[in-house]
Amino acid sequence: MKAVIMAGGFGTRLRPLTNNLPKPMVPMINKPMMEHIIELLIRCGITDLVTLLYFHPEMIENYFGDGSRFGIRMTYIGASDDLGTAGSVRNAKEYLDKQFLVISGDLLTDFDLIKAIEFHKKKKAAATMVLTRVLNPLPFGIVITDKDGRIDRFMEKPSWGEVFSDTINTGIYILEPKILDLIPPNQEFDFSKDLFPLILERKEPLYGYIADGYWKDVGSLEEYRQANIDILHEKVKINIPGEAVSKQGVWLGKDSRVDFTCKLEGSVVIGANCKIGADAKIADSVIGDNCTIEEGVSITSSILWNNVSVGQKAILQENVVANNCEIKQGAYLAEGAVISDNCHIGKGSTVKAGVKVWPYKVVEDGAVLASSLIWSERWSKNIFGPYGVTGLANIEISPEFAAKLGAAYGASLRKGSIVSTSRDTHKTSRMINRAIMTGILSTGVNIHDYGVTPIPVVRYLAKSGSEIGGIHTRRSPFDSDIIDLKFFDNKGLNLHSNQEKAIERLFFREDFRRAHMEETGEMVFPIHGFEYYQNGFMSSIDAEAIKKANFKMVLDYSYGSSSGIFPSILGKLNCNVIALNANLYGTKITKTADEFQNSLDQLSSIVRSLRADIGVLLDAGGEKIFLVDENGNVIDGEIALNLVTLLVLKSYPKKQSEVRGLPSNASIGGQKSGEKTTAPNSEPRTPNCVAVPVTSSMVIEQMADTYDFSVKRTKTTTRGMMETAMEEGVVFVGEHTGGFIFPQFQPAFDGMYAIVKILEMMAKKEIRLHQLLREIPPSFMIKEKVPCSWEMKGKIMRCMMEDSRDKTSELVDGIKVIFNKSWVITYPSQDQSYFHVVAEATTIEKAKDLVSEYREKIIKWQK
């Protein structure tokens, strides 16, 4: 049997160690990672190997040669372009005329591949994915198989709501040659994104074999160091070079000398031709070939490559030091510091925790090299979370961090592009916004700075102008110590996860594009942005209908920037507005839960006393709204969603057909008596569609049936709802925390537009919110949070999938099980260690029972 070794990786996530070295050649216990893979294949009887090269191919060819030194036959295939994982294997088709195995050359594993091959043959599979189970499946592709091992579904790098299992794709495949015919030649083609979906579509036998043993992707610097430590602790079965000289786990290379006063604690590997001085202490560490460790040195849980010298009484703690480095006397390397090749760390100097030193750098004697991030471990894996980039103001999100993130964002864009920046009124937001701008400008990207502007306005301008995206900086509405950075694209949508990961890769590589002096970006302060927004706003509503209604409204601006924009729009609509908290007050834009409730209670009281038609609390960012009806009742979030959805259902025609020749300011739902609903010779369209998250009430389907609407269930993420808003036929998207999208204006949450649209629909139907309540079918919803550690989330999702296999279920976001007139959904929190359990039924007892049942399942599966 032949094997294909994928050895073309750049090793981006291991920089700066891989600046001048392909990832498969990174040493693991003093051998290249790829050599461990070759030894594994030899143990499985596979000695005819094809290696796919791309980055620094000569280093791999020079080391392994024709393979004879290792007892194998090696064939090399180069590539001039990055063709993706499957496309690269397709390049080797002429060498693959029988069943073959594909494996990455830059992972660490001791799987028994013979068992996987036997499984493949027994199942007569066209392709078999080797799988394993991990504690945190989020960074990997998850796979779901049936009881026979046939793959039902898989998803590449899911969000937590899509983690339906803790079983992941290891990147090891067993393939039949006919599979190569499905891969187009000389074209980028990926196994997970392209080939495997195609195999499933063609109903070819695609199986998954769950392997026992150790597997690590080695996807970060900390994982690299930990993988070495795992080998020392014998968690993985590989060949360790050198002679075992101690039962406690000490291996010594040829011609190495260790002073008798040296203390070797735990497991230690010392390479060939090393000299370890008196009173040195080495614990759980790897020392490469030709290293010199002088008197009194302390090395703990560290990895030293070849030709490293460490001066007297230097201290190394949980570090990686690459080839040809000199650590002088008394130097101190703190936890997590990484020193790349050919560096000089001066006498008595300090390298702070988490600092990465790039190749050929010199840290002078006595210097203190501090990280650009005060809390660098905060950003060690991901910068972007479910709500954008969030962190402690001036600590985690500091000016230094913001400038670096701005540079990473700018480097992800073409030079000369234009992006927008904006912020709220708080002084720290202004500071961070300016730091971000400096980073962006340094990469040759231009900026339109809108200053203090609500985020719906800048989202609208992005989709309508020359900007290809933007960043909005704000103080968190929920925590006064937190800063939020909201990134969006040229459609005004939150960035796609692929764009976020691209920015993160640039951030961690720290080698941003720097523009020449005459090519740095320019900053412009547009003065007509609000006029453009206002014109688009007014052209997409029926202003006359609202004017005739002569509404009295109590509006709480929450001290946000909408108070500088929205009054001029409302002034054109003949609304009698009683404004609350309409001044800009940066220190009051964050509300605690009690303060938020007090604001609603105050709003309710004023609506009641003034006999207003409606009360609205507009959040400080201008995105979400909270409603009070004409009787002064605060409307709960789920009920508010049902009410606004019902208004939409009533206001749009039952079956909308193509209507040509409407004036630009006509409202979609604003047909007048006698108007035709179908243009001559036009094709009927499908019913209009409203969209709500998968967790929203089932009464929405009941109401939609009455009005001949379809209902689309979305993910619970903001990006998921915004993407749905862009689909054809969708006229409304809403969720239970006050976010409403009317795509005819923009596919994003806009509280100002939502307020006016609700007034328009109320005016046309001559109805008020409290009157609508009686038309909403009764139903009961119970929500609960069930504690669950991060490590157990994948397992819980897998168990939940298995439990729901024979039930009617939906996998839009989390796992929703549907019963007769009831349902329950479980999904993991994106940023906290718990599960959401939500149930709905026609009786409160049934809803409580469902929540209780699934809560107990989650608790039981954690044991």
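Preceding this section is the structure that the text describes.
So, a few notes on the structure that sits alongside this text. (Residues numbered from 1 in each chain as written. Predicted model: local features only at pLDDT ≥ 70, side-chain atom pairs only at ≥ 80, totals over all residues. Heavy atoms only, no water.)

A few words now on the overall build of the protein. On a plain count of helices and strands, the protein comes out with 21 helices and 52 strands. Taking the principal axes of its C-alpha atoms as reference, the protein extends roughly 95 × 65 × 50 Å. Taken across its 863 residues, the protein has 57% of its residues classed as buried. A separation of at least 24 residues holds for 61% of the contacts in the protein among residues at least 6 apart in sequence. Separation between the mean location of the 101 positive side-chain charges and that of the 106 negative ones in the protein comes to 3 Å. (Helix = DSSP H or I, 4+ residues; strand = E, 2+ residues; numbered from the N terminus. Buried < 20%, exposed > 50% of the residue type's maximum accessible area, 1.4 Å probe, protein only. Contact = heavy atoms within 4.5 Å. Lys, Arg positive; Asp, Glu negative; His and termini not counted. Charge placed at Lys NZ, Arg CZ, Asp CG, Glu CD.)

Attention shifts here to the environment of Gly11. Tracing the backbone shows Gly11 in the loop between β1 (2-7) and β2 (27-28). The buried category is assigned to Gly11, whose relative accessible area is 11%. Between the C-alpha atom of Gly11 and that of Leu21, which follows or precedes it by 10 residues, the distance is 8.4 Å. If sequence neighbours within four positions are ignored, Gly11 has contacts with Thr18 and Lys23.

To continue, consider the sheet that holds strand β46 (residues 730-734). The 4 strands are arranged β45-β44-β46-β47 in an open sheet whose pairing can be described as mixed. The open sheet terminates on both sides in strands that have one partner only, identified here as β45 (710-714) and β47 (740-741). Where strand β44 (residues 689-693) and β46 come together, 3 bridges link them in parallel fashion. Paired with Val690 across the two strands is Phe732, which belongs to β46. (Pairing = 2+ DSSP bridges.)

Attention now goes to the side chain of Thr695. Counting through the fold element by element, Thr695 comes out in the loop between β44 and α16 (699-706). Residues contacting Thr695, with those up to four places away along its chain left out, are Glu638, Arg713, Thr716, Met781, Trp823, Ile825, Tyr827 and Val838.

The next point concerns helix α10 (residues 497-509). An ideal rise of 1.5 Å per residue puts 18 Å on 13 residues; α10 measures up with 18 Å between its terminal C-alpha atoms. Residues of α10 that are buried include every one of Glu500, Ile503, Glu504, Leu506 and Phe507, and no others. Looking down the long axis of α10, one finds its buried residues gathered within 165 degrees of arc, a one-sided arrangement. Turning to α10, the residues buried within the fold contact α7 (399-411). (Expected span 1.5 Å × (residues − 1). Arc of directions from axis to C-beta.)

Once that is clear, we can look at unusual backbone geometry. With omega at 15 degrees, the peptide bond leading from Arg15 into Pro16 counts as cis. Here Pro16 lies in the loop between β1 and β2. At Asp255, a residue that is not glycine, the phi angle is positive and equals roughly 65 degrees. Given a relative accessible area of 56%, Asp255 falls into the exposed group. Positive phi, normally seen in glycine, also occurs at Ser301, with a value near 45 degrees. Among the secondary structure elements, Ser301 is positioned in the loop between β21 (298-300) and β22 (303-304). The buried category is assigned to Ser301, whose relative accessible area is 15%.

Let us now look at the packing of aromatic side chains. One pass over the full model with this rule turns up 25 aromatic pairs. Look at Phe64 and Phe70: their rings are 5.3 Å apart centre to centre, the planes differ by 50 degrees, and that puts the pair in the tilted class. Here the two residues Phe64 and Phe70 agree in accessibility, since each one is buried. In textbook terms, an aromatic cluster arises when at least three aromatic residues are bridged by ring pairs, as seen for Tyr460, Tyr532, Tyr533, Phe537, Phe732, Phe740, Phe742, Phe745 and Tyr753. (Phe/Tyr/Trp six-rings, centres within 6.5 Å; stacked < 30°, edge-to-face > 60°.)

Once that is clear, we can look at the sheet that holds strand β29 (residues 344-345). The 7 strands are arranged β16-β18-β20-β23-β26-β29-β32 in an open sheet whose pairing can be described as parallel. Two strands in the sheet have a free side with no partner beyond their single neighbour: β16 (257-258) and β32 (362-363). Bridging between strand β20 (residues 292-293) and strand β23 (residues 309-310) involves 2 bridges; their strand directions are parallel. If you follow Ile293 over to β23, its bridge partner there is Val310.

Think of two packed helices as two axes; the pair is described by the angle between the axes and how far apart they sit. One can describe the packing of helix α20 (residues 793-803) onto helix α21 (residues 844-861) by two numbers: an axis separation of 10 Å at closest approach and a directional angle of 125 degrees. On the basis of their axis angle, the class for α20 and α21 is oblique. For the element pair α20 and α21, the recorded crossing hand is right-handed. From α20, Lys795, Ile796, Cys799, Met800 and Asp803 reach across to α21, where they touch Tyr854, Lys857, Ile858 and Trp861. Across the contact of α20 with α21, the residue classes break down as 6 nonpolar, no polar and 3 charged. (Axes fitted to C-alpha atoms, helices over the stretch in contact; angles between N-to-C directions. Parallel < 35°, antiparallel > 145°, perpendicular 65-115°, else oblique. Left-handed = near helix turned anticlockwise from the far one by under 90°. Nonpolar A, V, L, I, M, F, W, Y, C, P; charged D, E, K, R; others polar.)

With that settled, the discussion passes to α7. In an α-helix, one full turn covers 3.6 residues, which means residues spaced three or four apart are oriented alike. Here α7 contains 13 residues, and its C-alpha end-to-end distance of 18 Å stays within 8% of the 18 Å for a straight helix at 1.5 Å per residue. Within α7, burial applies to Phe401, Ala402, Lys404, Leu405, Gly406, Ala407, Ala408, Tyr409, Gly410 and Ala411. Those residues of α7 that are buried lie in contact with β34 (389-392), β35 (418-423), α8 (427-442), β37 (469-475), β38 (482-489) and α10.

Here Ile210 lies in strand β12 (residues 206-210). When its relative accessible area of 30% is taken as the criterion, Ile210 is described as partly exposed. Placed 152 residues apart in sequence, Ile210 and Glu58 show a C-alpha to C-alpha distance of 35 Å. Excluding residues within four positions of it along the chain, Ile210 makes contact with Leu131, Arg133 and Thr167.

This brings us to the pattern of salt bridges. Tallied over the entire structure, the rule returns 36 salt bridges. Among the ionic pairs, Asp230 bridges to Lys235, the shortest N-O distance being 3.8 Å. A salt bridge links Glu727 to Lys712; its shortest N-O distance comes to 3.6 Å. Linking Glu727 in the loop between α17 (718-725) and β46 with Lys712 in strand β45, this pair joins segments that are 15 residues apart in sequence. Connected through salt bridges with shared partners, the residues Arg133, Asp166, Arg798 and Glu802 form a single ionic network. (Salt bridge = Lys/Arg side-chain N within 4 Å of Asp/Glu carboxyl O.)

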